[in-house]
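A closer look at the structure
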Amino acid sequence: MRAISPFGKKIKEIRSDNGMTINTVSKKSGVSQSYISQIENGSRDTPQPDMIKKIANGLGVDYFILMRAAGYMATSNEFTTTNEVEFTNICFNVKTVSK
């Protein structure tokens with residue numbers, strides 16, 4: 001068995017602190033119960049940003065909190081809100097319009 005990732009620990013902490021079951025997060029996120037459980041118990045690696053977005057929605061937390069826990073973003077104040085938006089746009093191939 002692998003060690004539980006910081007991401008797995010974070011989603012379990014958020015879920016537990018909010019009195020949510022894996023089933024509840026699954027229903028709200030559209031991510032299977034088994035997938036969430038496997039992340040929490042260390043049998044799955046940290047997911048890609050698109051899956052993290054779904055899990056964040058299911059947990060009712062800011063996407064960037066989970067992106068930091070997953071190691072995709074710095075945990076310091078290195079990134080500003082603008083950079084976070086740009087990062088999301090790159091991850092999801094969103095085209096922005098310049099003024």
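Everything that follows concerns the structure shown earlier in this document.
No experiment lies behind these values; they were computed from the predicted model shown.

**A look at the overall build of the chain**
A tally of regular secondary structure across the chain gives 6 helices and 0 strands. The helix and strand sequence of the chain, counted from the amino end, reads α-α-α-α-α-α. When each of the 99 residues of the chain is scored for burial, the buried share is 36%. When the accessible surface of the chain is totalled, it reaches about 6200 Å², and 49% of it is carbon and sulfur.

**Considerations on helix α2 (residues 22-29)**
Considered for burial, the residues of α2 that qualify are Ile22, Val25, Ser26 and Ser29. Buried residues of α2, viewed axially, fall in a sector of 100 degrees; they line one side. The exposed residues of α2 that point more than 90 degrees off its buried face are Lys27 and Lys28. Packed against the buried residues of α2 are α1 (6-17), α3 (33-41) and α4 (49-59). One or two steps after α2, the chain reaches Gly30, where phi turns positive at roughly 80 degrees.

**As for the nonpolar core**
Among the nonpolar cores identified, the biggest contains 22 residues, and Phe7, Ile11, Ile52, Ile55, Leu59 and Leu66 are the most heavily contacted of them. Taken together, the elements giving at least two residues each to this core come down to α1, α2, α3, α4 and α5 (63-70). Take this core: its biggest share by element is 6 residues, from α5. Discounting chain neighbours no more than four positions away, the residues touching Phe7 are Ile39, Thr46, Pro47, Ile52, Ile55, Leu66, Ala69 and Ala70.

**Considering the pattern of salt bridges**
Inspection of every chain in the model, using the stated rule, returns 2 salt bridges. Of the charged contacts, one joins Glu13 and Lys10 as a salt bridge, the two residues approaching to 3.9 Å between their closest N and O atoms. In this pair, Glu13 and Lys10 are both assigned in helix α1, 3 residues apart and thus about one turn of the helix distant. The partner of Glu40 in a salt bridge is Arg15, with the nearest N and O atoms 2.8 Å apart. Of the two residues, Glu40 is situated in helix α3 and Arg15 in helix α1; the sequence distance between them amounts to 25 residues. Judged by relative accessible area, which is 6%, Glu40 ranks as buried.

**Focus: α3**
An α-helix turns once per 3.6 residues; consequently, residues spaced three or four apart project the same way. For α3, the full list of buried residues reads Tyr35, Ile36, Ile39 and Glu40. One side of α3 holds all its buried residues, which, seen down the axis, span an arc of 135 degrees. Its buried side turned inward, α3 meets α1, α2 and α4. Of the residues trailing α3, Gly42 is marked for its positive phi of about 90 degrees.

Definitions and limits used
Residues numbered from 1 in each chain as written. Predicted model: local features only at pLDDT ≥ 70, side-chain atom pairs only at ≥ 80, totals over all residues. Heavy atoms only, no water. Helix = DSSP H or I, 4+ residues; strand = E, 2+ residues; numbered from the N terminus. Buried < 20%, exposed > 50% of the residue type's maximum accessible area, 1.4 Å probe, protein only. Areas by Shrake-Rupley, 256 points an atom, 1.4 Å probe, with all protein chains shown as cover. Arc of directions from axis to C-beta. Contact = heavy atoms within 4.5 Å. Core = buried A, V, L, I, M, F, W, Y, C linked by side-chain atoms within 4.5 Å. Salt bridge = Lys/Arg side-chain N within 4 Å of Asp/Glu carboxyl O.

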